[in-house]
Each structure stands twice: as structure tokens, then as C-alpha cells.
Amino acid sequence: MRLKISLSKEPKHQELVSCVGWTTAEELYSCSDDHQIVKWNLLTSETSLIVKLPDDIYPIDLHWFPKSLGIKKQTQAESFVLTSSDGKFHLISKLGRVEKSVEAHCGAVLAGRWNYEGTALVTVGEDGQVKIWSKTGMLRSTLAQQGTPVYSVAWGPDSEKVLYTAGKQLIIKPLQPNAKVLQWKAHDGIILKVDWNSVNDLILSAGEDCKYKVWDSYGRVLYGSQPHEHPITSVAWAPDGELFAVGSFHTLRLCDKTGVRNVLNDAVDLLEFRDRVIKASLNHAHLVVSTSLQCYVFSTKNWNTPLIFDLKEGTVSLILQAERHFLLVDGGGIYLHSYEGRFISSPKFPGMRTDILNAQTVSLSNDTIAIKDKADEKIIFLFEASTGKPLGDGKLLSHKNEISEIALDQKGLTNDRKIAFIDKNRDLYITSVKRFGKEEQIIKLGTMVHTLAWCDTCNILCGIQDTRFTVWYYPNTIYVDRDILPKTLYERDASEYSKNPHIVSFVGNQVTIRRADGSLVHISISPYPAILHEYVSSSKWEEAVRLCRFVKEQSMWACLAAMAVANRDMVTAEIAYAAVGEIDKVRYINAIKDLPSRESKMAHILMFSGNIQEAETVLLQAGLVYQAIQININLYNWERALELAVKYKTHVDTVLAYRQKFLDTFGKQETNKRYLQYAEGLQIDWEKIKAKIEMEITKERDRSSSGQSSKSVGLKH
């Protein structure tokens, strides 16, 4: 990718052009020392004079009022702030009318920026002051005051902090009084320009030391350029945070967020478009290209006849693809389309800001759309892809910490859909998307995880965990048998990828990682786990066992063991657990196989996976009350065991007997008031209790043998 630069034959300004600002992807406003404001249209190549300012106004900086704020504020969105050398800033409408001029600083006003909500304006000047104003131009506060000019300023993504220059230093100051200020030396010369992207939370800086640098929001340098011939006078992020532009004397460079220049690659097929290309994505055998007016959908089998449809806005900032459909994000909303061009849905939630969405905060699968909330970063909104409506009962997925990255798995049934996410502590969690009316457990899968990706062909997850590249061959193991989860992993050293690497894609058995220096590294993982996933999804258990015997890897057997338990195939589970040396679990599986009824087997399989509540529910629904009581006794859930016995008016004496036996073993006296209440005046007769238990087992066995529960659903004997 290269910058396409064109110069008009006749200059439209007579003097130096000091500032420019985009209104749409095709419309640009420019201000010059000739006091003129000119509008440029890239579609028609037309230019028009908007207004000629008074001769004493020399423009310095221009910033448009934020657009993505809904229809009610659209009137003010058609205006911009212009700072000038006479110490004033001016609020000017799109038609060129100066709505208001405000005396702001002693000396030139060097920069002015609206916050993302359009509720406040920050200005900086030669007098070293940083001031906050209301949207109507009323002074709210003087945030900072120093002895050197402040050349540039930017808002933090949450509009709660301001970044500004102070000589060779960068300073991040929160709006709240007495909050901690972050300050660090960023350049060896005076810093001339800064920008802070709301999508990736990264900071750009440029200075008279002829360098530009990329920082995180904690002041840690991620990239520093080599010295250029001249000072860097301008830097600006693209809205989606993937690219930025760098300006110097007679030089304009387009860089990606790692600081590396993009270059044009050789192509076999040359695709030409009527309008400028804004965004493109290639995945799932389709290329989706957004121009300023239209969206083109190419199939990799046929490049000659793309499907084309018009866009509402020409400012597409994100394209996400799944197997069946793709998602477009622009300034107006989120739109899901099929690869045939059919509009499917447009999910919405209160306070949704599309300008800050990126591939880390939006995820798409065949049936689900997940979006991280910006207002409360502990929340993920989940929507049905086909309707755009909130998933299930409309419950939100809420976490205890702020979430930084989310990803939906891509294959399998809707009911089994999982979402993985990384929080601000760099812990990796996984949970089920469909929660069936109860709060699904959110389980930690790893720590110090910096980046993650799901495979596009099967539900294998990979991530960079501290200095290790880790692949979770079967993440669902955490729900089935977390003891063997470590045996289902593949790990290798990732220190060669340097710090802050990012996983770009996970296609088939190929993982692509972008290193901090911008270079791409490709890692191939074993193809066998994906084949195992395919066999299990088709219930080809014999082929799965043969594959594991052929490969002879512990991770394959461990995955098969967990997969078999999840699918209730205890014969295969027994073989797989034996292969990884889990003898105690082999014995437990054998004990399960000897249970008299299907319901008992099902309940103990659920207990094997740690789903105690579900196991109890299965038994109670089948009328096996004693079995439900007994599993609680075995797990020392004494309160629940007595509660069930009292509720169903059976085996109260059994519970009391086992409780007394437990206390006698440890030489303890009964202190539980409920147990003391029911034990009062009750004589424990073990012979009678054993007879009742034997009668329950016989009754269950008779039910099973008489055919009432002879049909073993999902179980192989």
C-alpha cells in the first residue's frame, strides 16, 4: 500500500496552507495564510471558496465537531473550531459563518481539539496554558500552566485525560483535580505534534529531533523511527488505528501502527475500482472491498464479476468476516451482510460509539456478534447475527475487570458457542455465549496473555502467553476435566518475536504473527488436532482413536479424553484416559458404566465434569431422589442433602446417619441447628437404612431392565 498523491494544476491558495480537516471520506476543508477557507471534493475534483476570513486572522489549527453522536446533535456536528495567531479560537459553521470568536490565550492559539463526546474543547497556546472550554465557548478551567509554549494537544480515548507537549516532554493530565499526572521525556528536541488514537489507545509524537515515535498510554515506547533529514512537523492517526501519516519537509509517509512503511506487493489479478478504496478484507474465500461509495464482494473463484451494493456512508472503518457473512462498521452503525450482498441485521445498544470499534473489541461468528462496551469496559454485548437482537434473555456478559480483547470461536453448534477474552490484568477467560437462563461460569484459561486468535476451521485457540506461544487444542477441556487441561496444550518459546507481538490470523494450521518491528512471522502447528476435531464433530470415534494411536502424542489423547466425556462416549473416554495414565479416572468411568440406569450414568458423567448442580437436576427430574441425596452426601454437601430429604420426605434418617458417622470419624460434636432439630428423638438404625438403600437400587435396576430407561441416549456400553 502506498500513498496516492496528486497535485492540482493551479494552486487554490495563494499562501501557506496551515491546517486541513476531513468532513467525509471525499470532502476536505483547508485554511491558509491567505485567510481563505476552501472546500475540496475528491469525487468531482471541484473546489469552492467557503469564506474569506478577516485579514487579522491567520489560521493555525482546525478540528471538526465529532460526528458519531446521533441525529439530535447533527446541527452542531456541521461546524469546526479554528485556532488563530491572534490568541482567539473561532467556532465556524460548515457554510463558513463565524458563529463565535473567543479570546483564549496570550499569543497564538497553537491547537484546539473537541473531546469524543463533543461536550468539551481543549486549547493550548504560546503562553504555555492548557484550557478546557464548554462546547459553546465558555471557559471551564485552566488545566495546566507552564513556561514554554504548548505546541500540540490530544484527548484520551475516554475523554477523561489530556495529552500535551512541554518542550521535550509529554504530559498526560487527568481532568480530575489531584489525580496522578504522567510525564516522561519523549524526544531529544522540542515536540511539535502529538495524536492519541481512541481505538488502539496508542500515542504518536513527532519532534525537532527528526524522529516520530509510537507510545502506549503508560508512556512506554513501542516504536522509534530513524532520524529523518528534517524535523517531523505533523502526525495523524487514521480513525481505525491501523495506519498513521507522518509529514515532514517535502515528505509524506504512510505507516502502520507498528511504525513500518507498507509497500506495494506484486499481484496476479489487478482489480480496479471507480472510487478510492477505503478498506479491504480477505478471508473465508471472499475479498470484501469498501470504497467511498460502494462495497464490492469478490469470490476467490471468480474475480471478474463482483457483487456490488451502495453504502450509506463512505467511511467504513472495519470489515470483519465469518464463514457465512461479513460485518461493516462505519460512522453510522454496524451492518451485517451476506456474501450475496443481502442485508441481514444492524445490532445497536444505548450509547454505542462506532468510531472506536476495532477487531479487538468486535467479534463475529456464523450466529453471534459480540461487541465490547466502551462506556463500561467490563461488559460485552451479545447479539444474534440473523436478527441483530440481544442474545437469549438479553443478559449482558459482565466481568469483574475491564476487558481489552474479545474473540468468538468460529465452528460448531450455536448452543456450544464460546467467547474468549483478555482483561486488563492480561488474564485469559472463556465462557459460553448461550447461558440458558443461568449465569454461565467464566473460567480463567491462562495468565499474562497479550494477544489471541481462534482458528477459522476448528475451535482451536492460540495466544502469546508471557514469552510462550501457546495453543489450546481443545479449550472446552476446562469445562470437562480441568485436571488434564495442561496436557492438551502446545507451547513453544516466543521470545524470538520480540516484545508486543500481535497475532494477525490463524488459518488452518498456520498462525501469522506481526513482530514489534512490523515483520510477519509464520508458525505451523500440528494438523492432527484439527483432524481430531473433525472426526469428533462427525461422531467418528473409532477413526479418532486410530488417529491418536498413529500420532502417539499425549496432547492428542488428552484432547480425545475430554472430547469423549463432553459427548458422553465413555468407551472412548476410558481408552483415552488409560493412554494418558489417568488410572483413577478409568476406574471411575468403569464404575459409571456399571450404574443401573441411564439417568444415573448421565448424572455421574456430569459430576465427572464438575457440573454438580446439573447432575442433581437430572436425578430429581427422573424421580431418583435418593441418588440426588447420596451424591450430596458423598460430596459432604450436608446442608443440601438434608434440604432434599426434608423436601421430598424421604431418607432423613439416612442423611442423619451418614452425618453422625462423618462427625464420629473426626471426633466432633454436632453444632448445626437443623441437624440437631431433626435428630431429636430419632434413633439411627443402620440395618434399616441399608435395607432402604438396597431397595432404592433394586427399584432403579428394575426400571432400567423393564425398558423405562433402557434406551441409552448418547452413551455407548
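Because the structure is predicted, anything quoted here is derived from the model rather than measured.

K.L.:
Go over the sheet that holds strand β5 (residues 59–64) with me, naming the residues and quoting the values.
P.N.:
If you walk across this open sheet you meet the four strands as β5-β6-β7-β8, and the pairing is antiparallel. The outermost strands of the open sheet, each flanked by one partner alone, are β5 and β8 (98–103). Strand-to-strand, the axes of this sheet are offset by a mean angle of 20 degrees, without reference to chain direction. Bridge count for strand β7 (residues 88–93) against β8 is five bridges, and the pairing is antiparallel. Bridging from a neighbouring strand, His 90 pairs with Ser 101 of β8.

K.L.:
Go over the sheet that holds strand β25 (residues 286–291), please, and point to the residues and values.
P.N.:
Strand order in the open sheet made by the four strands is β24-β25-β26-β27, with antiparallel pairing throughout. The sheet is open, and its two edges are formed by β24 (277–283) and β27 (302–310), each paired on a single side. Between one strand axis and the next, the sheet turns through 20 degrees on average, direction left out of account. Note that β25 and strand β26 (residues 294–299) share five bridges and pair antiparallel. By the bridge assignment, Val 288 is partnered in β26 with Val 297.

K.L.:
Explain the packing of aromatic side chains to me, and be specific about the residues and the numbers.
P.N.:
Considering all chains together, one arrives at 26 aromatic pairs under this definition. Centre to centre, the rings of Phe 89 and Trp 133 are 5.0 Å apart; their planes meet at 70 degrees, and the pair counts as edge-to-face. Here Phe 89 is found in strand β7, whereas its partner Trp 133 is found in strand β11 (residues 129–134), with 44 residues between them in sequence. When the ring of Tyr 473 is compared with that of Tyr 490, the centres are 6.5 Å apart and the planes differ by 25 degrees; the resulting orientation is stacked. Separated by 17 residues along the polypeptide, Tyr 473 in the loop between β42 (468–472) and α2 (477–480) and Tyr 490 in strand β43 (residues 489–493) bring together distant segments of the chain. Here Tyr 490 falls in the partly exposed class, since its relative accessible area comes to 28%. Ring pairing ties together the aromatic residues Tyr 212, Tyr 223, Trp 237 and Phe 244, which thus form one cluster. The ring of Tyr 479 carries the charged tip of Lys 418 above its face, separated from the ring centre by 5.2 Å. Sitting above the plane of the Tyr 675 ring, Arg 659 keeps its charged end 4.8 Å from the centroid.

K.L.:
Hey, could you go over helix α9 (residues 612–621) for me, with residue numbers and the actual values?
P.N.:
Residues of α9 that are buried include every one of Ala 615, Glu 616, Leu 619 and Leu 620, and no others. The buried residues of α9 occupy an angular sector of 130 degrees when projected down its axis, which confines them to one face. Structural note: α9 exposes Gln 613 and Gln 621 on the side pointing more than 90 degrees away from its buried face. Buried residues along α9 sit in contact with α8 (598–608), α10 (625–634) and α11 (638–648).

Conventions we followed
Sequence order as written defines residue numbering, which begins from 1 separately in each chain. At least 70 in pLDDT is required for a residue's local features to be given in this predicted model, at least 80 for side-chain atom pairs to be given and counted, and no such filter applies to totals for whole chains, interfaces and linings, which use all residues. Based on all heavy atoms of the structure, the side-chain values leave hydrogens and waters out of the count. Paired strands, as defined in this entry, are two strands with at least two bridges between them according to DSSP. Helix and strand definitions follow DSSP, with helices as H or I runs of at least four residues and strands as E runs of at least two, each counted in order from the N terminus. For helices, the axis comes from a line fit to the C-alpha atoms of the stretch in contact; other axes are also lines fit to C-alpha atoms, and the angle between any two N-to-C directions lies between 0 and 180 degrees. Aromatic pairs are defined between Phe, Tyr and Trp rings, using the six-membered ring for Trp, whenever the two ring centres lie within 6.5 Å; interplanar angles under 30 degrees are classed as stacked, those over 60 as edge-to-face, and all others as tilted. Residue exposure (1.4 Å probe, protein chains only): buried if accessible area is under 20% of the type maximum, exposed if over 50%, otherwise partly exposed. Any Lys NZ or Arg CZ found within 6 Å of a ring centre and within 35 degrees of that ring's normal is scored as a charge over the ring. Directions are taken from the helix axis to each C-beta atom, and the arc is the one they span. Contacts were defined at the residue level, with two residues in contact if any of their heavy atoms lie within 4.5 Å.

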